[in-house]
Amino acid sequence: MISVFLADDDAGFRAAYRKLFERTPGFRLCGEAADGAEAARLALALKPNVALLDVQMPGATGLEAARRILPSAATRVIMLTTFDLDEYVYEALSLGASGFLLKNAAPAEVLHAVRTVHAGHGMLAPEVTSRLLHQFAPRPSAGRHAFADVVLSERELQVARLVARGLSNQQIADELRLSLETVRTYLRRMFAKLGINDRTHLAVLAYQAGLLHDDR
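What you are looking at is a predicted structure, and each value in this text was computed from that prediction instead of being measured.

Peer 1: What exactly am I supposed to notice about the side chain of Thr24 here?
Peer 2: Mapped onto the elements of the fold, Thr24 is located in the loop between helix H1 (11-23) and strand S2 (27-33). In this structure Thr24 comes out as buried when scored by relative accessible area, which is 14%. A distance of 2.7 Å separates the side chain of Thr24 from the backbone oxygen of Leu20, its partner in a polar contact. Dropping the residues within four chain positions of it, Thr24 is found in contact with Leu111 and Arg115.

This is how it looks when you write it as structure tokens:
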């Protein structure tokens, strides 16, 4: 049973999603909110598996709610919006959100997104993540970054660099002449060391640490 929390200021939209989760086996809607501040408070108290947060809400935005929720490892976040804007996507990813979903997505897409994120995967294709990093991320600096606080092996750094370049797990395995399961093992180890949930967030941290810059 996947517990889901929903935050959106449109009561009709919440009602449609509520009906979707109530009628679908394997899902439980554990709470709702109509503004960002209430969303953060309730999500931190309820600890749902996945929180769906509208980007633009009164009081505090969904991005501000995500900033408060994401330090808790109990909940993964999917951002919802009517706008397909790369700036929003990058900001959400840099906060540690696992996915980004347009509000006109079909019910099957919504359920797939929640299942995917709950399973520990990102909701953006690797090549999309790579494009966003190059377009919107600030240039890596010599300052502190997440990779400075952990010890990664040379092989782990190679895998992280290829993730940030937009390669899929299979492409990384081919590039490094490893098995697919070995690549997944390296990824799981890095997730644990860095305190993150998915390869999308790893790509953001790798870029911020300058791994792509070093590669060039």
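Peer 1: I keep staring at the pairing of strand S1 (residues 2-7) and nothing clicks. Help me out?
Peer 2: Among the six residues in S1, six count as buried, and that is most of the element. Here S1 shows no split at all, with Ile2, Val4 and Leu6 on one side and Ser3, Phe5 and Ala7 on the other all buried. Strand direction decides the pairing type here: S1 and S2, joined by six bridges, are parallel. Across the sheet, residue Ile2 finds its bridge partner in S2, namely Phe27. Traced from S1 through H1 to S2, the parallel crossover comes out right-handed. Two elements, S1 and strand S3 (residues 50-54), share four bridges in a ladder whose sense is parallel. Across the sheet, residue Val4 finds its bridge partner in S3, namely Val50.

Cut-offs used in this document
Residues numbered from 1 in each chain as written. Predicted model: local features only at pLDDT ≥ 70, side-chain atom pairs only at ≥ 80, totals over all residues. Heavy atoms only, no water. Helix = DSSP H or I, 4+ residues; strand = E, 2+ residues; numbered from the N terminus. Buried < 20%, exposed > 50% of the residue type's maximum accessible area, 1.4 Å probe, protein only. Polar contact = N/O pair within 3.5 Å; in protein donor to acceptor, adjacent residues only side chain to side chain. Contact = heavy atoms within 4.5 Å. Pairing = 2+ DSSP bridges. Right-handed = clockwise from strand over helix to strand, strands pointing away.

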